Amino acid sequence: MGFFLETLLGGLMAGMLYSLVALGFVLIFKASGVFNFAQGAMVLFGALAMARFAEWLPAWTGIDSRLFANVGAFLIAGAIMFVVAWLIEFLVLRHLVNQEGATLLMATLGITYFLEGVGQTLFGSSIYKIDIGMPKDPVIAFESTFQGGILINKEDLIAALIAAAMVALLSVFFQKTGTGRALRAVADDHQAAQSIGIPLNRIWVIVWCVAGVVALVAGMIWGSKLGVQFSLATVALRALPVVILGGLTSVPGAILGGLIIGVGEKLSEVYIGPLVGGGIEIWFAYVLALAFLLVRPQGLFGEKIIDRV
């Protein structure tokens, strides 16, 4: 029982990180109808900016403090992500309003390659680290309850708590603030929202900025765990099955979908992997998403896309 709970907990912690990345997809699609294939590149770009400025700030200022370097780098990277989000909306998406979905998808693919190229030019292409002080050593808990206790990776636990706090903060923002209510109104009906004076362009800028901050937090966590490298964009795209499972238009779906896939990956790898030679964790999420596409294309909580048109 202890080993099962250990695996389950590991899956839940991984699932929270998937949910955080998936939220970026959902937020943009709900507000603008754009499936943002560039979300993975935004995660990479934000992580690169934070990693490099955390190196540069102590050298520029002479202040040798990890707290100063990380806080300063996060604020600068956040500002950069705001500018990037505004430029994407102003230079690209504003001119593609009411275009076909395929056109918008190709635009986000172009943004993906542009961000990766600019990121490499500005910040370099080596592997960088983000050291925000998360402990690497595991800890054994519940020794008195289960024989041998439950092994918990403290780094994964803290990362999951950061992701959960970000998700909770976004939920409060959307439910309790005037801007959040305007975002939900735009998500429900663009034309009705515009008819009561809600400016769509401003709302879309806000959504892309929020998605940029979400990408930065996700990049900071993944970068601390794996190092900041260009494969990080691919890691972020592992949230795609989460979006398919939970629904492209559902914030709760992104959260629940991430938890389901995180737990499913861990349990299937541990209990089924030895029977088939392992490697299930690599493709489990995509097979599960494919199964949902065949049975329920809109996902667990998403609405049918045809109803939005």
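Each value, and the rule that gives it
Residues numbered from 1 in each chain as written. Predicted model: local features only at pLDDT ≥ 70, side-chain atom pairs only at ≥ 80, totals over all residues. Heavy atoms only, no water. Helix = DSSP H or I, 4+ residues; strand = E, 2+ residues; numbered from the N terminus. Rg over C-alpha atoms; globule rule 2.2 N^0.38 Å. Contact = heavy atoms within 4.5 Å. Areas by Shrake-Rupley, 256 points an atom, 1.4 Å probe, with all protein chains shown as cover. Axes fitted to C-alpha atoms, helices over the stretch in contact; angles between N-to-C directions. Left-handed = near helix turned anticlockwise from the far one by under 90°. Nonpolar A, V, L, I, M, F, W, Y, C, P; charged D, E, K, R; others polar. Phe/Tyr/Trp six-rings, centres within 6.5 Å; stacked < 30°, edge-to-face > 60°. Buried < 20%, exposed > 50% of the residue type's maximum accessible area, 1.4 Å probe, protein only. Patch = residues over 30% accessible without salt bridge, like charges linked within 9 Å, V, L, I, M, F, W, Y side chains within 5 Å. Salt bridge = Lys/Arg side-chain N within 4 Å of Asp/Glu carboxyl O. 1 Å grid on protein atoms, 1.4 Å probe; cavity = no way out; pocket = protein on both sides within 12 Å on 5 of 7 lines; lining within 4 Å. Points joined across faces, edges and corners; volume = space filled by probe spheres on them. Expected span 1.5 Å × (residues − 1). Bend = angle between axes of the 7 residues up to and from the residue. Pairing = 2+ DSSP bridges. Arc of directions from axis to C-beta.

Student: Can you walk me through the overall build of the chain in this structure?
Tutor: Scanning the chain for helices and strands turns up 14 helices and 2 strands. Rg of the C-alpha trace for the chain: 20 Å, near the compact-globule value of 19 Å for 309 residues, within the 12% margin. Viewed in the frame of its principal axes, the chain has a C-alpha envelope of about 65 × 60 × 35 Å. Taking contacts inside the chain between residues at least 6 apart in sequence as the whole, the part at least 24 apart equals 73%. Summed over all atoms, the accessible surface of the chain reaches about 14,700 Å², with 67% contributed by carbon and sulfur.

Student: Looking at this structure, I do not really get the packing of helix H1 (residues 2-32) against helix H11 (residues 251-271). What am I missing?
Tutor: Packed helices, taken two at a time, are described by the angle their axes make and the gap between the axes. Two elements in contact, H1 and H11, have axes whose closest approach is 6 Å; the angle formed by their N-to-C orientations is 145°. H1 and H11 meet at a crossing whose hand is right-handed. When its residues are assigned to classes, the contact of H1 with H11 shows 20 nonpolar, 7 polar and 3 charged.

Student: Could you clarify how one ought to interpret the packing of aromatic side chains in this entry?
Tutor: To describe a pair of aromatic rings, you give the distance between the ring centres and the angle between the ring planes. Per the stated rule, a full pass over the model turns up 10 aromatic pairs. Relative to tryptophan 222, the ring of tyrosine 18 has its centre 6.3 Å away and its plane inclined at 25°; by these criteria the two rings are stacked. Of this pair, tyrosine 18 sits in helix H1 while tryptophan 222 sits in helix H8 (residues 200-226); the two residues are 204 residues apart in sequence, bridging distant segments of the chain. Across the pair, tryptophan 222 and tyrosine 18 agree in class, each one buried. Considering the side-chain rings of phenylalanine 53 and phenylalanine 123, the 6.3 Å spacing of their centres and the 70° angle between planes classify their relative orientation as edge-to-face.

Student: What is the right way to read a nonpolar patch on the surface from this model?
Tutor: On the surface, Phe3, Phe4, Tyr271, Ile272, Leu275 and Val276 cluster together into a nonpolar patch covering about 620 Å² of accessible area. Among the secondary structure elements, those contributing two or more residues to the nonpolar patch are H1 and helix H12 (273-276). Position of phenylalanine 3 among the secondary structure elements: in helix H1.

Student: Is there a simple way to think about the layout of surface pockets in this case?
Tutor: If a probe as big as a water molecule is rolled over the atoms, it shows which places are left empty. Of the pockets and cavities examined, the second largest pocket occupies roughly 420 Å³. Contributing elements (two or more residues each) for the lining of the second largest pocket: H1, strand E2 (150-153), H8 and H11. Of the residues forming the lining of the second largest pocket, the biggest block, 8 residues, is contributed by H1. Here the lining of the second largest pocket is built from residues that sort into 11 nonpolar, 3 polar and 8 charged.

Student: Honestly, the pattern of salt bridges in this entry has me stumped. Any pointers?
Tutor: Any two side chains of opposite charge can pair, so long as their charged atoms come close to each other. Per the counting criterion, the structure on display carries 4 salt bridges. Here arginine 52 makes a salt bridge to glutamate 55, at a shortest N to O gap of 2.6 Å. Separated by 3 residues within a single helix, arginine 52 and glutamate 55 lie in helix H2 (residues 39-61), roughly one turn from each other. Close ionic contact of lysine 225 with aspartate 156 constitutes a salt bridge, the shortest N to O distance being 2.3 Å. Residue lysine 225 is located in helix H8, and its partner aspartate 156 is located in helix H5 (residues 154-176); the two are separated by 69 residues in the primary sequence. Given the relative accessible area of 26%, lysine 225 is considered partly exposed.

Student: Is there a simple way to explain H2 in this structure?
Tutor: The α-helix winds at 3.6 residues per turn, so residues separated by three or four positions along the chain end up facing the same way. With 23 residues, H2 should cover 33 Å at 1.5 Å per step; its first-to-last C-alpha distance of 32 Å lies within 8% of that length. Helix geometry: H2 is bent most strongly at phenylalanine 53, by close to 25°. With 17 of 23 residues buried, H2 is to be regarded as a mostly interior element. Looking one or two places after H2, you find glycine 62, whose phi comes out positive at around 80°.

Student: Where do I start with the pairing of E2 in this structure?
Tutor: Put simply, side chains in a regular strand alternate between the two faces of the sheet. The two faces of E2 differ: Ile150 and Ile152 on one face are buried, but Leu151 and Asn153 on the other face are not. The pairing of strand E1 (residues 138-141) with E2 spans 4 bridges and is antiparallel. Directly across from proline 138, in E2, lies its bridge partner asparagine 153.

Student: Just to check I follow, could you spell out helix H13 (residues 280-295) for this structure?
Tutor: If you check H13, its first and last C-alpha atoms are 22 Å apart, about what 16 residues at 1.5 Å a residue would give, namely 22 Å. Within the span of H13, buried status applies to Ile280, Phe284, Ala285 and Ala289. For H13, the angular spread of buried residues about the axis comes to 155°, placing them on one side. Those residues of H13 that are exposed and aimed more than 90 degrees away from the buried face are Ile282 and Leu294. Residues of H13 that are buried sit in contact with helix H10 (240-246), H11 and H12.

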